[in-house]
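# Examination of the molecular architecture
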Amino acid sequence: MSGKIRFAPSPTGYLHEGHLLSALYVWAAAKKWNLKIHLRIEDHDQSRARPAYIAGIREDLAWLGFKYDSESIQSARGQVYEAALQKLKEKSLVYPCYCSRKQLLAENPQSETGEIVYQGKCFYKTREERRETREIINSAPHNLRFIVPDKFINWHDLRLGDFHENPKLQCGDFPIRDRDNQWTYQFAVCVDDIDEQITHIIRGEDIRNSTARQIALMEALGRTERPIYLHHPLIVDANNKKLSKRELAHSLRQDKEAGITPEMLFGRVCHKAHLTESDAPIALVDAISIIMETL
Ligand SMILES: [Zn+2]
């Protein structure tokens, strides 16, 4: 099998242990299935991305020994996203939403996972109402929502099995561009996965919920062949709890400055992910082999 996999960190901080585990999974999958590795810097959120973090991602990957075949950065791809938006507009699959955060919370139910399930208020406005809204609050901030099809999507995760999910019930029509005119994660990632011909999507379980809606969006954008999905377990603390913000804020770079070696980090992260019995240092090639056996 051949194809392409991506490692896609956001430069909103330096790489931490969660990124490292994800990278180990991506490089293990690439080795197992003979895939090219693409580094995608997901800086679609320009209010949080920082040049120092972008440089940091490249430096940390080099220090750890992760080599990749190609690279892209979302902030350089505005025209590609514009073109994709046009495609959706031509299919009448986009509408503006003027609801404030407060309104969204007050007027819509929440899913089991605590997500707002948008009920389509701005979609159901009549043409006249929409025109009026625009006339009254011409420059009022609004996001653009993608109309998700109201249907169940069957998809398969190599590790977790089959899923049967309806994004209309999970989140409803979702924003592809936000009120500050920034492309959203969901939109940018789908456009990139199509455009960059990604065949394998290996990422943390925390993003699993996004899969059905991303499949719906990719299909609306014309992708016919679905990527292969695998959502890996996340690092947990000693009490089997998700790592706290504070723990995740601790960067690999801080460890490096404290004299910790990449091998010590691989050992530590594999142990925290319950992949090894002890946290003794291991080589990158061995950490990758250990994970390959679980795929
Ligand atoms: Zn709305």
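None of the values given here were measured: they were computed from a predicted structure. (Residues numbered from 1 in each chain as written. Predicted model: local features only at pLDDT ≥ 70, side-chain atom pairs only at ≥ 80, totals over all residues.)

## Points about the domain arrangement of the protein
By convention, interface size is frequently given as the accessible area that disappears when the constituent parts associate. Segmentation of the protein into domains returns domain 1 (3–80 + 193–292) and domain 2 (91–155 + 166–185). On the side of domain 2, 16 residues touch domain 1, which itself brings 13 residues to the contact. Considering every element that reaches the side of domain 1 that touches domain 2, the biggest residue donor is helix 8 (residues 211–220), with seven residues. A breakdown of the residues in the side of domain 1 that touches domain 2 according to their chemical character gives six nonpolar, five polar and two charged. (Domains from an automatic or database assignment. Contact = placed C-beta atoms within 7 Å. Helix = DSSP H or I, 4+ residues; strand = E, 2+ residues; numbered from the N terminus. Nonpolar A, V, L, I, M, F, W, Y, C, P; charged D, E, K, R; others polar.)

## As for the nonpolar core
If you look at the biggest cluster of nonpolar residues, it comprises 38 residues, and the most contacted ones within it are Leu24, Val26 and Val269. Listing elements by their share of this core, those giving two or more residues are strand 1 (3–7), helix 1 (17–33), strand 2 (35–41), helix 2 (51–64), strand 9 (200–204), helix 11 (262–272) and helix 12 (284–292). The greatest single-element share of this core, amounting to ten residues, is contributed by helix 1. With residues near it in sequence (within four places) discarded, Leu24 still touches Val269, Ala287, Ile288 and Ile291. The next biggest cluster of nonpolar side chains, apart from the first, holds 23 residues, and it includes Leu144, Ile153, Phe187 and Val191. (Core = buried A, V, L, I, M, F, W, Y, C linked by C-beta atoms within 7 Å. Buried ≥ 20, exposed ≤ 12 C-beta atoms within 10 Å, placed from the backbone.)

## What about the pairing of strand 9?
With four of five residues buried, strand 9 is to be regarded as a mostly interior element. Sheet analysis places strand 9 next to strand 10 (residues 228–232), joined by five bridges and oriented parallel. Each residue of the ladder has a partner; that of Ile202, found in strand 10, is Leu230. Handedness of the strand 9-helix 8-strand 10 crossover: right-handed. (Pairing = 2+ DSSP bridges. Right-handed = clockwise from strand over helix to strand, strands pointing away.)

## Some remarks on the sheet that holds strand 4 (residues 94–97)
Strand order in the open sheet made by the three strands is 4-5-8, with antiparallel pairing throughout. Single-partner strands in this sheet number two, and they are strand 4 and strand 8 (174–177). Averaged over all adjacent pairs, the angle separating strand axes in this sheet is 50 degrees, with direction ignored. Pairing geometry for strand 5 (residues 143–146) and strand 8, over three bridges, is antiparallel. Within strand 8, the position partnered with Phe146 by the bridge is Phe174. (Axes fitted to C-alpha atoms, helices over the stretch in contact; angles between N-to-C directions.)

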